[in-house]
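Chain by chain, the residues:
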Amino acid sequence: GESVGLHLPTLSVQEGDNSIINCAYSNSASDYFIWYKQESGKGPQFIIDSRSNMDKRQGQRVTVLLNKTVKHLSLQIAATQPGDSAVYFCAENGGGAQKLVFGQGTRLTINP
Amino acid sequence: DAGVTQSPTHLIKTRGQQVTLRCSPKSGHDTVSWYQQALGQGPQFIFQYYEEEERQRGNFPDRFSGHQFPNYSSELNVNALLLGDSALYLCASSFYSGGSTDTQYFGPGTRLTVL
């Protein structure tokens with residue numbers, strides 16, 4: 001069945017360091033992946049998305065890496081700032097569907 | 001440019017009651033999806049509306065129904081509320097491009113508590 005899992009439920013990093021949040025997916029037909037940031041009491045905020053024909057996609061301070069062979073993707077955040085503290089979700093579309101399948105999320109904490 | 005808006009922000013109901021949640025999509029978007037997010041979990045897809053019809057549905061019972069209006073806004077209705085329906089209900093809007101999955105932008109959510 002469809003599922004998206006995250007390797008770690010929590011991640012703590014020093015301010016200024018780079019953060020890497022990992023995500024595994026099980027549906028080999030998935031061709032669309034998206035990352036959201038959710039702060040307490042708010043809805044998920046779009047960060048970046050990528051498609052299966054992109055091994056790497058870069059945005060402002062963020063990079064998505066996709067390894068289709070092992071069905072793994074990661075979100076890299078450069079020079080982590082206190083405002084990056086949140087829960088991060090990856091989601092996939094299960095192979096062309098318009099719905100998104102979310103994982104449980106990773107809580108990112110920034111230490112001063 | 002207004003983002004996705006939802007109302008109400010919070011709602012408290014008792015078991016067996018019915019509830020209606022509302023969503024206005026981001027300007028220029030024509031598709032609305034609804035998700036349920038239990039505490040500490042990722043959002044779960046309920047259904048999606050496009051051209052005033054339900055286009056896709058997740059694993060939710062018929063107690064969950066929806067509607068989309070000509071102005072693309074949408075309602076989520078839940079009948080015969082159960083304690084387990086307590087959650088954050090999220091609306092996401094997108095523009096249907098006719099290709100693969102379109103980027104969905106979320107609203108702030110409606111926090112529903114069932115007592």
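As a reminder, the structure under discussion sits directly above these lines.
These numbers come from a predicted model, not from an experiment.

A. Local environment of the overall build of chain A. In terms of regular secondary structure, chain A is built from zero helices and 11 strands. Overall, chain A shows an N-to-C arrangement of helices and strands of β-β-β-β-β-β-β-β-β-β-β. If one aligns the C-alpha atoms of chain A with their principal axes, the spans along those axes are about 40 × 30 × 20 Å. For chain A, buried positions account for 46% of its 112 residues. Here the contacts in chain A between residues at least 6 apart in sequence split such that 55% fall between residues at least 24 apart. Only carbon and sulfur atoms are counted for the fraction: they give 45% of the accessible area of chain A, which is about 5,300 Å².

B. The arrangement of the interface of chain A and chain B in detail. Counting from both sides, the interface comprises 22 residues of chain A and, opposite them, 23 residues of chain B. For the pair chain A and chain B, the summed buried surface comes to about 1,700 Å²; carbon and sulfur atoms form 48% of the total. For the pair chain A and chain B, the interface holds zero salt bridges. Remark: the boundary between chain A and chain B carries nine residue pairs in polar contact (both at pLDDT 80 or more). Elements that contribute at least two residues to the side of chain A that touches chain B include exactly strand E4 (32-38) and strand E5 (45-51) of chain A. Element by element, the count of residues in the side of chain A that touches chain B is highest for E4(A), at four residues. Looking at the side of chain A that touches chain B residue by residue, the class counts come to nine nonpolar, eight polar and five charged.

C. Representation of the nonpolar core in the model. All names here are of chain B. Of all hydrophobic cores here, the largest spans 20 residues; its most connected members are Trp34, Ile46, Phe64, Leu76 and Tyr89. Breaking this core down by element, the ones donating at least two residues are strand E3 (19-24), strand E4 (31-37), strand E5 (44-50), strand E8 (74-78), strand E9 (87-94) and strand E11 (110-114). Once residues within four sequence positions are removed from consideration, Leu76 is found in contact with Val19, Thr20, Leu21, Trp34, Ile46, Phe47, Phe64, Ser65, Gly66 and Tyr89.

D. Seen up close, the environment of B:Ser94. Residue and element names in this part refer to chain B. One can find Ser94 in strand E9. Sequence separation between Ser94 and Gln44 is 50 residues; the distance between their C-alpha atoms is 17 Å. Beyond its immediate chain neighbours, meaning those up to four positions away, Ser94 contacts His29, Asp30, Thr31, Asp102, Thr103 and Gln104.

E. The arrangement of the sheet that holds E3(B) in detail. Residues and elements named next belong to chain B. Across the sheet, which stays open at both edges, the four strands sit in the order E1-E3-E8-E7 with antiparallel pairing between neighbours. Only two strands of the sheet have a single partner each, and these edge strands are strand E1 (5-7) and strand E7 (64-68). Going across the sheet, the axis of each strand differs from the next one's by a mean of 20°, ignoring polarity. Bridge analysis of E1 against E3 gives three bridges, and the strand direction is antiparallel. Looking at the pairing, Gln6 lines up with Cys23 of E3.

So, how was this worked out
By convention here, each chain's residues receive numbers from 1 onward along its written sequence. As they are written, the chains are lettered A onward and the ligands numbered 1 onward, keeping that order. Totals for whole chains, interfaces and linings use all residues, but because this is a predicted model, local features are given only for residues with pLDDT of at least 70 and pairs of side-chain atoms are given and counted only at 80 or more. Side-chain metrics rest on all non-hydrogen atoms present in the structure, leaving aside hydrogens and water. Strands are runs of DSSP state E lasting at least 2 residues, helices are runs of H or I lasting at least 4, and numbering of each runs from the N terminus. Classification of residues uses two cut-offs on accessible area relative to the type maximum, computed with a 1.4 Å probe and protein chains only: under 20% is buried, over 50% is exposed, and between them is partly exposed. Here a residue-residue contact requires only that any non-hydrogen atoms of the pair lie within 4.5 Å. All accessible-area figures derive from a Shrake-Rupley calculation using a 1.4 Å probe, and residue coverage is judged against the displayed protein chains alone. When two parts are brought into contact, each loses some accessible area as probed by a 1.4 Å sphere; the total of that loss over both is the buried area. Every case where a carboxyl oxygen of Asp or Glu lies within 4 Å of a side-chain nitrogen of Lys or Arg is listed as a salt bridge. We define a polar contact as two N or O atoms separated by no more than 3.5 Å, with the added condition that, inside protein, one atom must be a possible hydrogen donor and the other a possible acceptor, whereas residues neighbouring each other in sequence contribute only through side-chain atom pairs. Residues are sorted three ways: Asp, Glu, Lys and Arg are charged, Ala, Val, Leu, Ile, Met, Phe, Trp, Tyr, Cys and Pro are nonpolar, and all the rest, Gly among them, are polar. The term nonpolar core refers to a set of buried residues drawn from Ala, Val, Leu, Ile, Met, Phe, Trp, Tyr and Cys, joined through side-chain atoms within 4.5 Å. Only strands that DSSP links by at least two bridges are regarded as paired with each other. In this description, a line fitted to the C-alpha atoms serves as the axis of each element, helices being fitted only across the stretch in contact, and the angle between N-to-C directions of two axes falls anywhere from 0 to 180 degrees.

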